[in-house]
Amino acid sequence: MLYKLLFLLLLLGLAAPRASAAPPADTVAARPGPAFDVEAATQRYLNTLTPDQKAKSDAYFEGGYWLQLWDVLYALGVAAVFLRLGLGRRVQALAERMPRPWLRRLAHIALYLLLAWALSFPLSVYEGYVREHQYGLSNQTFGEWLVDALKGLGLSVVFGSLVLLAIYAALRRTGRRGWLWATGIAMVALVLQVFVSPVFISPLFNKYTSLPAGPVRDGILSMARANGVPANNVYLFDASRQSKRISANVSGLGSTIRVSLNDNLLNRCTPAEIQAVMGHELGHYVLNHIPKMLVFFLLLIGLIFWGIDGVFHRLLGRYGPGWGITGLGDVAGLPLLVALLAVVGFLATPVFNTIIRTQEQEADSFGLNAARQPDGFATVAMKLSEYRKINPGPLEEILFFDHPSGHTRVLTAMRWKAEQVGK
Ligand SMILES: [Zn+2]
């Protein structure tokens, strides 16, 4: 759960469209007449989705709601295997063979991360490979998918173990203020991860190059310059290695910040659509969304750790001896901490979604103003129905959407068109 949230943070993406939706006749060049009806224009776009396409899109996205629930239940099951079925004690016995206390803790944490990954593997295969193929979104063979998954495992075991070792060192020394120190260490790790990921982590999974010369590149770079974004901070990457999804993102912090567009976007979209998406991404960059998001996360992670601290101590009194956990600073309690984090993270999902979605709406407005391509933006928003439900109810959008829905985006674009084009 936490990894997913961090991943979301790293990828403030607009996400991806399908090439088949036929654009309506309106074009950006034509100033809409006085009879231009925003609602009707929005509906015309929504109608470009066939009933079959809409049913498939709804099924994929709504299935994701249930997956979030299954993820939490599965995480509780994994914790039970460690705490109730005794896997935790076996891990401890193995780790005890190390010569020094800190090495024992490090081995315990690393073994836990490895085994928890292995226990979650069937669900990961279903979510990341089987289901993506069922909906025609993946370009990977199982072997390619597995190699990426193993790279991710390697990174999380190496760096996750070190961060957790530091957190446990603080928890053992700082008593009831431990959650405060844990928040600080988690945030330092997160900031470092955001800072280094475009340079050291993302290139492990994809190849990043400069944009190929041509009118599309010229249009993007001129829009970037107009908004104060250096041209050498714009990259292209081969997302088609993994997926058919069209998307782009802003990543990094300070000297590593950059806009990256994926090759699916470049190959499957019109110049107007590409310009519209890049306007949105420049919005994330110019509006400093990543630093702002880190501040939100600092507050939320602090609140979550504080809450977990309370629940953990209550459970410790009752189940600690049976589960072999002596205190918050005991690494044997890691499965319980992760389970609690999964539950709280699940309950906080609408809050995280709303924080992210609010930034996405800001980037949408920025992008419309910067690119001035309301119809390109609308057609891309329709293409994103490939993996995002196009027309949810208002409450559904608040609870489950980390980006505005297609309907919201098309409506925003048509309103912008009615009021801004020709001015
Ligand atoms: Zn975005």
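Everything numeric in this text was worked out from a predicted model, so none of it was measured.

I keep staring at the pairing of strand 2 (residues 234–237) and nothing clicks. Help me out?
Two faces, one strand: in a regular strand the side chains alternate between the faces of the sheet. By the bridge criterion, two bridges tie strand 1 (residues 208–209) to strand 2 in an arrangement that is antiparallel. If you follow Thr-209 over to strand 2, its bridge partner there is Leu-236. Bridging between strand 2 and strand 4 (residues 258–262) involves four bridges; their strand directions are parallel. The residue bridging Leu-236 from the neighbouring strand is Leu-261, located in strand 4.

Even after reading the chapter, I still don't get helix 14 (residues 374–383), so can you show me in this structure?
Given 3.6 residues per helical turn, the α-helix brings residues three or four places apart onto the same face. Counting buried residues in helix 14 gives ten out of ten residues, a clear majority hidden from the surface. Looking at the buried positions of helix 14, the neighbouring elements they touch are helix 2 (38–46), helix 9 (263–268), helix 10 (271–286), helix 13 (349–371) and helix 16 (406–420).

What exactly am I supposed to notice about the confidence of the model for the protein chain here?
Regions with low pLDDT carry predicted coordinates that are not meant to be interpreted in detail. Mean pLDDT for the protein chain: 89, with 92% of residues reaching 70 or above. Residue range residues 1–29 is modelled with pLDDT below 50. Its contacts to residues more than four positions away, or to other chains, number 101 contacts.

What should I look at first to understand the packing of helix 11 (residues 289–323) against helix 13 in this one?
Two quantities define a packed helix pair, namely the angle between the axes and the distance from one axis to the other. For the pair helix 11 and helix 13, the least separation of the axes is 11 Å and the interaxial angle reads 170 degrees. With respect to helix 13, the element helix 11 is oriented roughly antiparallel. In this structure, helix 11 uses His-289, Lys-292, Met-293, Phe-296, Phe-297, Leu-300 and Ile-304 to contact helix 13, whose residues at the interface are Val-351, Phe-352, Ile-355, Ile-356, Gln-359, Glu-362 and Ala-363. Of the residues contributing to the contact of helix 11 with helix 13, the split by class is ten nonpolar, two polar and two charged.

I keep staring at the nonpolar core and nothing clicks. Help me out?
In summary, soluble globular proteins display a tendency toward joint burial of nonpolar side chains. One finds Ile-109, Val-234, Leu-261, Leu-265, Met-278 and Phe-312 to be the most contacted residues of the largest nonpolar core, which totals 74 residues. Among the elements that take part in this core, helix 11 stands out by supplying twelve residues, more than any other. Each residue touching Leu-261, except ones within four places of it in the same chain, is listed here: Leu-211, Ile-220, Val-234, Tyr-235, Leu-236, Phe-237, Ser-247, Ala-248, Leu-266, Ile-274 and Met-278. Ranked by size, the runner-up nonpolar core spans 19 residues in total, among them Val-38, Ala-381, Ala-413 and Trp-416.

What should I look at first to understand the sheet that holds strand 3 (residues 248–251) in this one?
The pairing of strands in a sheet comes from backbone hydrogen bonds and takes either a parallel or an antiparallel form. The sheet built from four strands is open, its strands ordered 1-2-4-3 with mixed pairing. Either end of the sheet is taken by a strand with one partner, and the two such strands are strand 1 and strand 3.

About the thresholds
- Residues numbered from 1 in each chain as written.
- Predicted model: local features only at pLDDT ≥ 70, side-chain atom pairs only at ≥ 80, totals over all residues.
- Heavy atoms only, no water.
- Pairing = 2+ DSSP bridges.
- Helix = DSSP H or I, 4+ residues; strand = E, 2+ residues; numbered from the N terminus.
- Buried < 20%, exposed > 50% of the residue type's maximum accessible area, 1.4 Å probe, protein only.
- Contact = heavy atoms within 4.5 Å.
- pLDDT = per-residue confidence, 0-100.
- Axes fitted to C-alpha atoms, helices over the stretch in contact; angles between N-to-C directions.
- Parallel < 35°, antiparallel > 145°, perpendicular 65-115°, else oblique.
- Nonpolar A, V, L, I, M, F, W, Y, C, P; charged D, E, K, R; others polar.
- Core = buried A, V, L, I, M, F, W, Y, C linked by side-chain atoms within 4.5 Å.

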